[in-house]
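Summary of the model geometry
Chain residues, written in single-letter form:
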Amino acid sequence: MTPTPSTRPAPPRGRAADDPDALRETIAGSLLTARERTYLLTDSVDDGDLVRQHSPLMSPLVWDLAHIANQEELWLLRGVGGREPMRPEIDPLYDAFEHPRAERPTLPLLPPAEARAYVREVRGRVLDVLEAARFTGDPLVTDGFAFGMVAQHEQQHDETMLITHQLRTGAPALAAAPPPGPPPDAIGLPAEVLVPGGPFAMGTSTQPWALDNERPAHTVHVPSFYLDTTPVSNAAYEAFIAAGGYDDQRWWSPAGWTHRQRAGLNAPLYWRREGNGWLRTRFGVTEPVPPAEPVLHVSWYEAEAYARWAGRRLPTEAEWEKAARFDPATRRSRRFPWGDADPSPDLANLGQRHLQPAPVGSYPGGAAPCGARQLVGDVWEWTSSDFLPYPGFRAWPYREYSEVFFGSEYKMLRGGSFAVGPVASRATFRNWDYPVRRQIFAGFRTARPAAPAAAAGAA
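Described in the following lines is the structure provided in the data block.

About the criteria used
- Residues numbered from 1 in each chain as written.
- Predicted model: local features only at pLDDT ≥ 70, side-chain atom pairs only at ≥ 80, totals over all residues.
- Heavy atoms only, no water.
- Salt bridge = Lys/Arg side-chain N within 4 Å of Asp/Glu carboxyl O.
- Buried < 20%, exposed > 50% of the residue type's maximum accessible area, 1.4 Å probe, protein only.
- Helix = DSSP H or I, 4+ residues; strand = E, 2+ residues; numbered from the N terminus.
- Phe/Tyr/Trp six-rings, centres within 6.5 Å; stacked < 30°, edge-to-face > 60°.
- Lys NZ or Arg CZ within 6 Å of the ring centre and 35° of its normal.
- Pairing = 2+ DSSP bridges.
- Axes fitted to C-alpha atoms, helices over the stretch in contact; angles between N-to-C directions.
- Core = buried A, V, L, I, M, F, W, Y, C linked by side-chain atoms within 4.5 Å.

**Description of the pattern of salt bridges**
The full count for this structure, using the stated rule, is 37 salt bridges. Among the ionic pairs, Arg-280 bridges to Glu-287, the shortest N-O distance being 2.9 Å. The residues Arg-280 and Glu-287 share a single accessibility class, namely buried. Of the charged contacts in the structure, one is a salt bridge between Glu-302 and Arg-438, with a shortest N-O distance of 2.9 Å. Of this pair, Glu-302 sits in helix α9 (residues 300-309) while Arg-438 sits in the loop between β12 (431-433) and β13 (442-443), and the two are 136 residues apart along the sequence. The residues Glu-302 and Arg-438 share a single accessibility class, namely buried.

Put into structure tokens, the structure is as follows:
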């Protein structure tokens with residue numbers, strides 16, 4: 001996209017001021033990890049698959065590939081390095097706002113070999129810029145922000161390309177080890193946990209690579225509430241289906257019921273009935289729906305209907321973040337449910353390490369202080385909230401990342417799925433989409449007020 005620049009105060013001094021070489025190494029590692037994943041997603045299919053549009057909801061993979069490089073060139077070579085454009089004539093082709101996904105196959109896109117060459121050349125020049133970077137002064141480079149933004153952007157497009165892989169037909173192109181089985185205590189977990197009421201600091205003003213819609217930190221009061229200990233499982237969702245949940249208008253909002261009828265919804269996307277059970281298709285493999293996994297590929301409307309059928313509701317975005325971040329012992333909001341340490345394989349299911357969610361109750365080491373598990377990783381979780389700015393929000397470094405999407409048209413998702421790269425994973429990270437979307441790796445968990453009197457005051 002061609003961004004509209006805006007201004008932001010320089011973020012606080014952090015690790016760059018203490019050890020710029022360590023930050024440079026962190027940046028290089030984040031860029032490399034994202035690029036290895038990009039190559040896996042694009043080298044695993046032939047050129048025909050790269051240029052084909054597998055769904056009007058998604059771009060051809062070859063568009064994502066060159067778009068990643070074009071944004072890297074725009075922000076790091078031109079913006080940080082001050083270099084002349086390499087191929088200015090292709091900028092409009094890879095402007096996400098100028099060309100919606102449905103029309104991108106009709107554009108004169110770079111063919112696969114040329115797109116790959118462009119990707120390699122941009123990255124080679126970016127590493128030269130990184131080597132000379134000083135990470136102070138200009139807010140765009142302070143604490144390596146622009147480099148972190150580009151690494152996150154690539155990982156976000158990797159998740160988008162993984163969604164395209166799920167939509168494509170034909171022989172499986174990807175493979176990964178299954179996630180570990182649930183821990184021994186999973187079967188005995190309580191159905192819900194209590195999150196005590198009171199104020200907490202939502203958002204962040206200190207995480208150097210946080211994006212504009214996560215800022216600034218601000219105090220929010222959240223009344224006490226109960227939250228599901230784990231995401232809603234396939235088995236629990238099957239009970240909703242078996243009880244006629246898709247056919248009972250009582251559980252659906254007016255807009256949700258209209259959409260359910262128009263779209264003919266009767267189960268999560270990629271599910272189909274087989275005898276007395278259900279099968280699903282996952283990255284080209286058809287298999288029985290695993291009952292212990294979190295339900296996946298449901299829209300906000302479906303999540304809302306399930307919650308109402310269960311006598312509950314979706315949590316607000318503030319409730320979700322308080323459950324994920326607030327530590328009553330220190331009265332502090334943490335970076336992740338488990339603390340401030342970076343994600344690791346024993347804490348959360350992230351980074352496409354597995355091509356599916358782990359069973360509910362997994363990753364006890366990643367539990368939040370309230371006892372809820374899998375708040376980060378496995379599935380994006382729908383909340384009841386619209387996508388709105390925080391008090392004191394300032395668009396930076398460009399309006400088109402967040403500001404143009406604010407409003408009631410989009411619903412908030414939190415937590416991140418198994419497809420989210422760790423560099424783009426934080427308990428403050430905010431995702432949003434239309435309430436009808438089902439191709440995304442989204443599930444949900446439900447909530448209820450701690451007492452009837454608290455319901456009207458829920459944040």
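**What to know about the packing of aromatic side chains**
Inspection of the entire model under this criterion finds 30 aromatic pairs. Considering the side-chain rings of Tyr-237 and Tyr-306, the 5.8 Å spacing of their centres and the 15° angle between planes classify their relative orientation as stacked. With Tyr-237 in helix α7 (residues 234-242) and Tyr-306 in helix α9, the pair connects residues that are 69 residues apart, well separated along the chain. Note on Phe-240 and Tyr-306: the rings are 5.7 Å apart at their centroids and 70° apart in plane angle, and the pair reads as edge-to-face. Of this pair, Phe-240 sits in helix α7 while Tyr-306 sits in helix α9, placing them 66 residues apart in sequence. For Phe-240, a relative accessible area of 0% translates into the label buried. Classification of Tyr-306 as buried rests on a relative accessible area of 8%. These aromatic residues form a ring-pair network of at least three members: Trp-75, Phe-97, Phe-387, Phe-393, Tyr-398, Tyr-401, Phe-405, Phe-406, Tyr-410, Trp-432 and Tyr-434. Positioned over the ring face of Trp-63 is Arg-104, at 3.8 Å from the centre of the ring. Taking the ring centre of Phe-326 as reference, the NZ or CZ of Lys-322 above it sits at 5.0 Å.

**Focus on the sheet that holds strand β7 (residues 285-288)**
Across the sheet, which stays open at both edges, the three strands sit in the order β5-β6-β7 with antiparallel pairing between neighbours. Looking at the sheet topology across the chains shown, the edges are occupied by β5 (271-274) and β7. With direction set aside, neighbouring strand axes in the sheet form an average angle of 30°. Here strand β6 (residues 277-282) pairs with β7 via four bridges, running antiparallel. In the strand pairing of β7, Arg-280 is matched with Glu-287.

**Observations concerning the sheet that holds strand β1 (residues 192-195)**
Strands sit in the order β1-β4-β14 across an open sheet of three strands; the sheet is antiparallel. Two strands in the sheet have a free side with no partner beyond their single neighbour: β1 and β14 (447-449). Neighbour-to-neighbour, the strand axes of the sheet open up by a mean angle of 25°, direction not taken into account. Relative to strand β4 (residues 225-228), β1 runs antiparallel, the two sharing four bridges. From the neighbouring strand, Val-195 faces β4, where its bridge partner is Phe-225.

**Section: the nonpolar core**
Formed by 101 residues in total, the largest nonpolar core has its most connected members in Leu-162, Tyr-237, Trp-382 and Phe-444. When contributions to this core are tallied by element, the ones reaching two or more residues are α2 (20-43), α4 (61-80), α5 (112-132), α6 (145-167), α7, α9, β10 (380-387) and β11 (407-414). Of all hydrophobic cores here, the second largest spans 20 residues; its members include Val-193, Phe-200, Cys-370 and Leu-375.

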